[in-house]
Amino acid sequence: MMTEGTLLDLMGIVLTEASAERIVATMPVKGNVQPYGLLHGGASCVLAETLGSIGSALHAAAFDKVAVGVDINATHHRAVREGVVTGVAKPIYLGRTTTSYEIVITDERDKRVCTARITCQLIQAPPGS
C-alpha cells in the first residue's frame, strides 16, 4: 500500500498487519499532540479511521466494491504524552453493504487510550478508481 504523501505518511502511521479480520498499525505521539502536549483526540480518530477503512476495503474487494466511511465515534480514556500508540481493529459486522469495526488504541504499557467504532458503506467503485 502506497502511503507516501498521504495523511498516514504525515502522521507517521505504520501499518504492520492487514486483513479483513485484523488490522494493526502504530503511530508516534510526537508530532500528533494538541497544545497541552497530549496526544490529540483527532489523531486517535485518524488512526482509528485508517484501520477500519483498510479492513472495510479489504472486505469490500471480495464484492468488487469500495468502502466509504459513514460514521465514526471515539471515547478517549487516558492521556498520552510520549512514545508510540498501537491501534488494533477487529470487525463487529462484515456485510455486503456495510461494515463496522471496533478499534482499540493502546499505549506502550498496553493501557487503553481510546476505543473507536467506524461504519463504512460498501459501494460500487466509481469509474476510474
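Throughout, a residue's number is its position along its own chain's written sequence, starting from 1. Local features in this predicted model are restricted to residues whose pLDDT is 70 or higher, and side-chain atom pairs enter the listing and the counts only when it is 80 or higher, whereas totals over whole chains, interfaces and linings include all residues. The side-chain figures draw on all heavy atoms in the structure; neither hydrogens nor water molecules are used.

Named according to an unreviewed UniProt entry, the protein chain is Hotdog fold thioesterase originating from Kribbella qitaiheensis. UniProt positions are given in the numbering used here, feature names are shortened, and annotations may be inferred rather than shown by experiment. The Sequence similarities (unreviewed entry) comment attached to the protein chain in UniProt states, word for word, "Belongs to the thioesterase PaaI family."

How should the nonpolar core be read in this particular structure?
Membership of the largest hydrophobic core comes to 25 residues, with the highest contact counts inside it found for M27, L39, L47, V85 and I103. Here a helix means four or more residues in a row that DSSP labels H or I, a strand means two or more in a row labelled E, and each is numbered from the N terminus. Elements with a contribution of two residues or more to this core: α1 (7–11), β2 (22–28), α2 (41–61), β4 (84–94), β5 (98–106) and β6 (112–124). In what follows, residue pairs with any heavy atoms lying within 4.5 Å of each other are defined as contacts. With residues near it in sequence (within four places) discarded, L39 still touches M27, V29, N32, V33, Q34, S44, V80, V85 and V113. Buried Ala, Val, Leu, Ile, Met, Phe, Trp, Tyr and Cys residues form a nonpolar core when they are joined through side-chain atoms within 4.5 Å. For every residue, the accessible area (1.4 Å probe, protein chains only) is compared with the maximum for its type, and the residue is labelled buried under 20%, exposed over 50%, or partly exposed between those bounds.

In this structure, what is going on with the environment of Y101? I would like to understand it.
Position of Y101 among the secondary structure elements: in strand β5. With a relative accessible area of 0%, Y101 lands in the buried category. Counted as a polar contact is a pair of N or O atoms within 3.5 Å, where, for protein atoms, one must be capable of donating a hydrogen and the other of accepting one, and residues adjacent in sequence contribute only when both atoms are in side chains. Reaching out from Y101, the side chain makes a polar contact with the backbone oxygen of A20 at a distance of 2.6 Å.

Is there a simple way to explain the environment of A25 in this structure?
Residue placement: A25 occurs in strand β2. A relative accessible area of 0% places A25 in the buried class. A C-alpha to C-alpha distance of 6.5 Å links A25 and I13, two positions twelve residues apart in sequence. In contact with A25, not counting residues within four places along its chain, are I13, V14, L15, T16, L47, L51, V85, T86 and G87.

Even after reading the chapter, I still don't get the pairing of β4, so can you show me in this structure?
Remark: a regular strand shows side chains that alternate across the two faces of the sheet. The pairing of β2 with β4 spans six bridges and is classified as antiparallel. Counterpart to I23 in the pairing with β4 is A89. Being paired, for any two strands, means DSSP has found at least two bridges between them. Between β4 and the antiparallel strand that follows it, β5, lie three residues.

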